[in-house]
Amino acid sequence: MSLSHQFFFGIYPYICAVIFLLGSLVRFDRDQYTWRSESSQMLSTGALRAGSNLFHLGIIGLFFGHFFGMLTPHEIIHALGVSPSQKQLLAVVAGGTLGSIGLIGLLILIHRRLSNERIRATSKGRDFLVLFWILATLGLGLSTVPVSLHHRDGAEMLKLMDWAQHIVTFRGGAADLIADVSTVFKVHMVMGMSLFVIFPFTRLVHVWSGFASVGYLARPWQVVRSRKIGLSE
């Protein structure tokens, strides 16, 4: 097994996690005024609504699909009566559908940013970096679908699940588990992990605000006193 394989699938995930968490914390502490999505809606609405809705629907679905799909213990899946082949088929259908939706939305957003002179003029290099990085990652993810269909027994998927669960639980030997996994999966994984590296330095930080907004559901009621009552006192 090569040193590069050991690095990218045994060490690199932790490097990405540190940069992602520490970088986000430092940016929030030092540059809160840059903590925004930098929306270009004021410059031109156009296809923004359709592209943005499709893109976010696909990406959010893929994120939670990967999260629960990769980190759910095998025992729970088995207890639910779902076989590895059935789980893989579900992953292929759901992932392929959500990936296609996200890809269509992303292409709309890229075309809008490139074709509109006002938006293109105000765009930064990191804006295009994010768009095309996600485009490449999505494309690689969709290209794994035909590969997965050649391994309908779910064995390949079980190896990827074992790798992810070893990484998040800090167990050794994670890289060894996917030594013989198809190259397209490995490239997709490296691209996906690298997205967390560029996350703190781009507009992607607004994703944190989306999760934080859930806190408003538990926010206590705001007490507002009537002006008339206040004056009468």
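Structure: see above.
The shown structure was predicted, so the numbers you read here are calculated from the model rather than taken from an experiment. (Residues numbered from 1 in each chain as written. Predicted model: local features only at pLDDT ≥ 70, side-chain atom pairs only at ≥ 80, totals over all residues. Heavy atoms only, no water.)

Caption draft 1: Main features of the overall build of the protein chain. Secondary structure assignment for the protein chain yields 11 helices and zero strands. Each helix and strand of the protein chain, ordered N terminal to C terminal, gives the series α-α-α-α-α-α-α-α-α-α-α. Within the protein chain, the proportion of its 233 residues that are buried is 33%. Accessible surface computed for the protein chain: about 14,600 Å², of which carbon and sulfur atoms make up 69%. (Helix = DSSP H or I, 4+ residues; strand = E, 2+ residues; numbered from the N terminus. Buried < 20%, exposed > 50% of the residue type's maximum accessible area, 1.4 Å probe, protein only. Areas by Shrake-Rupley, 256 points an atom, 1.4 Å probe, with all protein chains shown as cover.)

Caption draft 2: Representation of the packing of helix H4 (residues 84-115) against helix H6 (residues 125-149) within the structure. Contact pair H4 / H6: the axes reach a minimum separation of 9 Å and the direction vectors enclose 150°. Compared by their axis directions, H4 and H6 come out roughly antiparallel. Considering the relative orientation of H4 and H6, their crossing is left-handed. Here the contact of H4 with H6 is built from residues that sort into 15 nonpolar, seven polar and two charged. (Axes fitted to C-alpha atoms, helices over the stretch in contact; angles between N-to-C directions. Parallel < 35°, antiparallel > 145°, perpendicular 65-115°, else oblique. Left-handed = near helix turned anticlockwise from the far one by under 90°. Nonpolar A, V, L, I, M, F, W, Y, C, P; charged D, E, K, R; others polar.)

Caption draft 3: Quick peek at the pattern of salt bridges. Inspection of the entire model under this criterion finds two salt bridges. The shortest N-O distance in the salt bridge between Arg203 and Asp127 comes to 3.2 Å. In this pair, Arg203 is assigned in the loop between helix H9 (183-198) and helix H10 (206-212) and Asp127 in helix H6, connecting sequence segments 76 residues apart. Neither residue differs from the other here; Arg203 and Asp127 are each classed as buried. Asp180 is paired through a salt bridge with Lys159; the nearest N and O atoms lie 3.0 Å apart. Placement of Asp180 in the loop between helix H8 (174-177) and H9 and of Lys159 in helix H7 (residues 155-168) is noted, with a sequence separation of 21 residues between them. When its relative accessible area of 24% is taken as the criterion, Lys159 is described as partly exposed. (Salt bridge = Lys/Arg side-chain N within 4 Å of Asp/Glu carboxyl O.)

Caption draft 4: Region of interest: the packing of aromatic side chains. Applying the stated criterion to the full structure yields 13 aromatic pairs. For the ring pair Phe8 and Tyr12, a centre distance of 5.5 Å and an interplane angle of 80° mean the geometry is edge-to-face. Taken together, the positions of Phe8 and Tyr12, both in helix H1 (residues 3-30) and four residues apart, correspond to about one turn of that helix. What makes Phe8 partly exposed here is its relative accessible area of 30%. Residue Tyr12 is classed as buried on the basis of its relative accessible area of 12%. Where Phe63 meets Phe67, the ring centres are 6.3 Å apart and the plane angle is 25°; that geometry is what we call stacked. In this pair, Phe63 and Phe67 both sit in helix H2 (residues 48-71), four residues apart, roughly one turn of the helix. Residue Phe63 is classed as partly exposed on the basis of its relative accessible area of 38%. Every member of this aromatic cluster is reached through a ring pair, and the members are Phe20, Phe196, Phe199 and Trp208. (Phe/Tyr/Trp six-rings, centres within 6.5 Å; stacked < 30°, edge-to-face > 60°.)

Caption draft 5: Just the nonpolar core, in detail. Of all hydrophobic cores here, the largest spans 18 residues; its most connected members are Phe9, Trp163, Ile178 and Met193. Those elements that place two or more of their residues in this core are H1, H7, H8 and H9. (Core = buried A, V, L, I, M, F, W, Y, C linked by side-chain atoms within 4.5 Å.)

Caption draft 6: Looking closely at the environment of His66. Within the secondary structure layout, His66 lies in helix H2. Setting aside its immediate chain neighbours within four residues, His66 contacts Leu71 and His188. (Contact = heavy atoms within 4.5 Å.)

Caption draft 7: Focus on unusual backbone geometry. For Phe170, which is not glycine, the phi torsion reads 60° and is therefore positive. Structurally, the position occupied by Phe170 is in the loop between H7 and H8. Phe170 sits in the exposed class, given a relative accessible area of 65%.

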